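Structural overview for review
Here are the chains, one letter per residue:
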Amino acid sequence: MLPSTRCDPSSAWNCAPYHRGVKLLSVVGARPQFVKLAPIANAAAAAGVEHVIVHTGQHYDPMLSDVFFRDLGIPDPDVHLGVGSGSHGVQTGAILGALDAVFDEHRPDWVLAYGDTNSTLAAAVAAVKMHFPLAHLEAGLRSFNRRMPEEHNRVLTDHAADLCLAPTEVAMGHLADEGLAQRSVLVGDVMTDVLYQVRDAAADREVPLLGELGLARHEFYVATLHRAENTDDPARLDSIVEALAGLDRPLVLLAHPRVVAKAAEHGIDLNRGTVRVHAPLAYPDLVAAVLASAGVVTDSGGLQKEAFLLRVPCTTVRPETEWVETVALGWNVLAQTADEIRAAVTRPAPVPTDEAPYGDGDAASRVISVLVNSAR
């Protein structure tokens, strides 16, 4: 259970009132991190905490970057590194090299790293090397698939961190198993905070996709694909698209520019059968589209959880998931083959549930409270 107040008075992290004078530096660079940043920025401002936002530029397309800052009301970044695309090593190295000067200029009390991207790992290494306290938001998630670059990033960051901020009891268990219990605290999931806010605002929101593509509410699916294991191998990508093309309803594939480029490179037609390709959506529009859909198909970590929180059935095109609660509660099914994907997408509706494994929507204020009261 998450504590009902801003933090747990019985824990090692005391609950003294907020105070000014603490400087937090957030390092973000990819769409899921911008979503997590939004409630943290709001909570920091409410607590009078100085907050420096560093945008690495890992996602540089406006629909994957700028629009999130605008639509989620996030302050403009104080620093934009502009690293752009590149291999894992090149991208991580470029961010790492650029952060030294940023950290030296701002001298934060805490560096906050988000999630599991190359920006996350670079922020962690830079903070540790320069002896700035490091906190990891969304700590303790594990797929146990070491072929995933995200798994390397999150594990290394957790073990480098001075403070592991875990979203779930399952994540806390993983951290304890790895000997990190004494520097871990359960705060809840900050993406739940922002999703609930956007969901409530989107309840009566028009869904542009409906008119644009001639779709009816709850008579279409929403899909995203971006992971290298699903998009870099032409045969694999073609097999997934072929499965989606044979569904019982139209499916809107919100295609990342990288996926469009890969498909073109391999001569794969994404627009076939029931598949309709569309550019990525602004976050409020994505939430509205998912709410209006009959189901979600994705290989995204964040969208699996968002679908669950919106109580929309999800099919995850991966052999494992970090968000195991979504599977245990029946709202998410893992599928790999074309037959498994088709069967999962068209399965009967899940059993309704009131379970709330990701918290109550107040995680960001807990994060800020813990950081303020443990700043040295």
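Residues numbered from 1 in each chain as written. Predicted model: local features only at pLDDT ≥ 70, side-chain atom pairs only at ≥ 80, totals over all residues. Heavy atoms only, no water.

1. Brief notes about the sheet that holds strand β8 (residues 221–224)
Taken together, the six strands give an open sheet; going across it, the order is β10-β9-β8-β11-β12-β13, and neighbouring strands pair in parallel fashion. On the outer flanks of this sheet lie β10 (275–278) and β13 (332–334), each paired with one strand and no other. With strand direction ignored, the average angle separating the axes of adjacent strands in the sheet is 20°. As paired elements, strand β9 (residues 251–254) and β10 share four bridges and run parallel to each other. From the neighbouring strand, Val 252 faces β10, where its bridge partner is Arg 276. Taken strand by strand, helix α15 (residues 338–345) contacts β8, β11 (295–298), β12 (314–316) and β13, and its axis lies near 165° from that of β12. (Pairing = 2+ DSSP bridges. Helix = DSSP H or I, 4+ residues; strand = E, 2+ residues; numbered from the N terminus. Axes fitted to C-alpha atoms, helices over the stretch in contact; angles between N-to-C directions. Contact = heavy atoms within 4.5 Å.)

2. Points about the sheet that holds strand β6 (residues 163–166)
If you walk across this open sheet you meet the seven strands as β3-β2-β1-β4-β5-β6-β7, and the pairing is parallel. The open sheet has two edge strands, β3 (79–80) and β7 (184–186), and neither has a second partner. Relative to strand β2 (residues 50–55), strand β1 (residues 23–28) runs parallel, the two sharing six bridges. Across the sheet, residue Leu 25 finds its bridge partner in β2, namely Val 52. Where helix α6 (residues 169–177) meets the sheet, it contacts β6 and β7, and its direction lies at approximately 170° from that of β7.

3. Comments concerning the pattern of salt bridges
All chains considered together, the criterion is met by 24 salt bridges. Measuring nitrogen to oxygen at the nearest pair gives 2.3 Å for the salt bridge that ties Glu 151 to Arg 154. With a gap of three residues between them, Glu 151 and Arg 154 both fall in helix α5 (residues 149–160), about one helical turn apart. Sharing partners across several salt bridges, the network here consists of Asp 116, Glu 151, Arg 154, Arg 318, Glu 320 and Glu 322. (Salt bridge = Lys/Arg side-chain N within 4 Å of Asp/Glu carboxyl O.)

4. Quick notes on the side chain of Thr 192
Tracing the chain through its elements places Thr 192 in helix α7 (residues 190–202). Sequence-distant contacts of Thr 192, that is, excluding residues within four places in its chain, are made with Leu 309, Tyr 358, Gly 359 and Gly 361.

5. Looking at the packing of helix α1 (residues 31–46) against helix α16 (residues 363–373)
Helix-helix packing is characterised by the crossing angle of the two axes and by the distance between the axes. Packing of α1 against α16 leaves a shortest axis separation of 8 Å and a crossing angle of 55°. Between α1 and α16, the angle falls in the class oblique. The two elements α1 and α16 cross, and the hand of that crossing is right-handed. Across from Pro 39, Ile 40, Ala 43 and Ala 44 in α1, the residues of α16 making contact are Ala 364, Ser 365, Val 367 and Ile 368. Among the residues forming the contact of α1 with α16, the class breakdown is seven nonpolar, one polar and no charged. (Parallel < 35°, antiparallel > 145°, perpendicular 65-115°, else oblique. Left-handed = near helix turned anticlockwise from the far one by under 90°. Nonpolar A, V, L, I, M, F, W, Y, C, P; charged D, E, K, R; others polar.)

6. A few points about α16
A turn of α-helix holds 3.6 residues, and therefore any two residues three or four places apart point the same way. A large share of α16 lies buried, amounting to 11 of its 11 residues. Buried within α16 we find Ala 363, Ala 364, Ser 365, Arg 366, Val 367, Ile 368, Ser 369, Val 370, Leu 371, Val 372 and Asn 373. (Buried < 20%, exposed > 50% of the residue type's maximum accessible area, 1.4 Å probe, protein only.)

Purely geometric stuff here, so don't read any function into it on its own.
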